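The primary structure of each chain is shown beneath.
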Amino acid sequence: NAEYMGVVKNLPFEATKKDLLKLFSAHSQVKSVRIPRKVDEYDTLTGTKHPHRGFAFIEFLTPEEARNALKTCSHTHLYGRHLVVEYAAEGQSVEAAREKAKRKSLANIPVGKKAKLSEILNPEEEDYR
């Protein structure tokens, strides 16, 4: 139920489920915390580990608990990053977020035989040669 569920965006990659439980439990009763993981645990190009996708879902026991926690934690920083805390949209789940991220990432990949590796890795950068 979306009125019991919050989403935390801009989550630092070093943040853990325990960090979020500690932060939000100080203000309300937390039922569960889910931090979606990336499908590929390692980036094959850089060899670095992707611990999670940069957001989390937090489920509270009651709508009042959710309201209190979202209000209190909306201006919180964790590991130097400002957390964006809001209600989860109706029907928003890990699976829905995963599908949305997949569509977004696939939309940015250049197509065709001549697509350069730099275009695939950095689609926003202009080539000024």
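Residues numbered from 1 in each chain as written. Predicted model: local features only at pLDDT ≥ 70, side-chain atom pairs only at ≥ 80, totals over all residues. Heavy atoms only, no water.

> Sorry, what's going on with the overall build of the protein chain here?
When helices and strands are counted, the protein chain shows four helices and six strands. Helices (α) and strands (β) of the protein chain occur, in sequence order from the N terminus, as β-α-β-β-α-β-β-β-α-α. Every one of the 129 residues in the protein chain was classed for burial, and the buried ones make up 28%. Considering only contacts within the protein chain whose residues lie at least 6 apart along the sequence, 69% involve residues at least 24 apart. Within the structure as shown, the protein chain displays about 9,000 Å² of accessible surface, and the carbon and sulfur contribution to it stands at 52%. (Helix = DSSP H or I, 4+ residues; strand = E, 2+ residues; numbered from the N terminus. Buried < 20%, exposed > 50% of the residue type's maximum accessible area, 1.4 Å probe, protein only. Contact = heavy atoms within 4.5 Å. Areas by Shrake-Rupley, 256 points an atom, 1.4 Å probe, with all protein chains shown as cover.)

> For this particular structure, what's the right way to read the nonpolar core?
Within soluble globular proteins, side chains that are nonpolar tend to cluster in buried spots. Counting 19 residues, the largest nonpolar core has V8, L11, L20, F24, I58, F60 and L83 as the members making the most contacts within it. Those elements that place two or more of their residues in this core are α1 (17-25), β2 (30-34), β3 (55-60) and α2 (63-73). Per-element tally for this core: the top contributor is α2, with four residues. (Core = buried A, V, L, I, M, F, W, Y, C linked by side-chain atoms within 4.5 Å.)

> What's the story with the packing of aromatic side chains in this structure? I'm lost.
Aromatic ring pairs are defined here through the distance separating the ring centres and the angle between the ring planes. Under the criterion given, the structure shown has two aromatic pairs. Consider the rings of F55 and F57, whose centres lie 5.8 Å apart with planes at 85°: the pair is edge-to-face. The residues F55 and F57 share a single accessibility class, namely buried. (Phe/Tyr/Trp six-rings, centres within 6.5 Å; stacked < 30°, edge-to-face > 60°.)

> Could you clarify how one ought to interpret the pattern of salt bridges in this entry?
Oppositely charged side chains can pair when the atoms bearing their charge come close. Under the defined criterion, the tally for this structure stands at three salt bridges. E86 is the salt-bridge partner of K9, the closest N and O atoms lying 2.8 Å from each other. With K9 in strand β1 (residues 5-9) and E86 in strand β6 (residues 84-87), this pair connects stretches of sequence that are 77 residues apart. What makes E86 partly exposed here is its relative accessible area of 32%. Among the salt bridges present, the one from R67 reaches E64, with a minimum N-O distance of 3.7 Å. You can see R67 and its partner E64 sitting in helix α2, three residues apart, about one turn around the helix. Taking relative accessible area as the criterion, E64 reaches 48% and is therefore assigned partly exposed. (Salt bridge = Lys/Arg side-chain N within 4 Å of Asp/Glu carboxyl O.)

> Can you help me understand the environment of R34 in this one?
Residue placement: R34 occurs in strand β2. Using a relative accessible area of 32% as the deciding quantity, one classes R34 as partly exposed. Counting along the chain gives 23 residues from R34 to F57, while the straight-line C-alpha distance between them is 5.1 Å.

> Got a minute to help me understand the environment of P36 in this structure?
Residue placement: P36 occurs in the loop between β2 and β3. Relative accessible area serves as the criterion here: at 5%, P36 is assigned to the buried category. Sequence separation between P36 and A56 is 20 residues, and the spatial gap between their C-alpha atoms is 6.5 Å.

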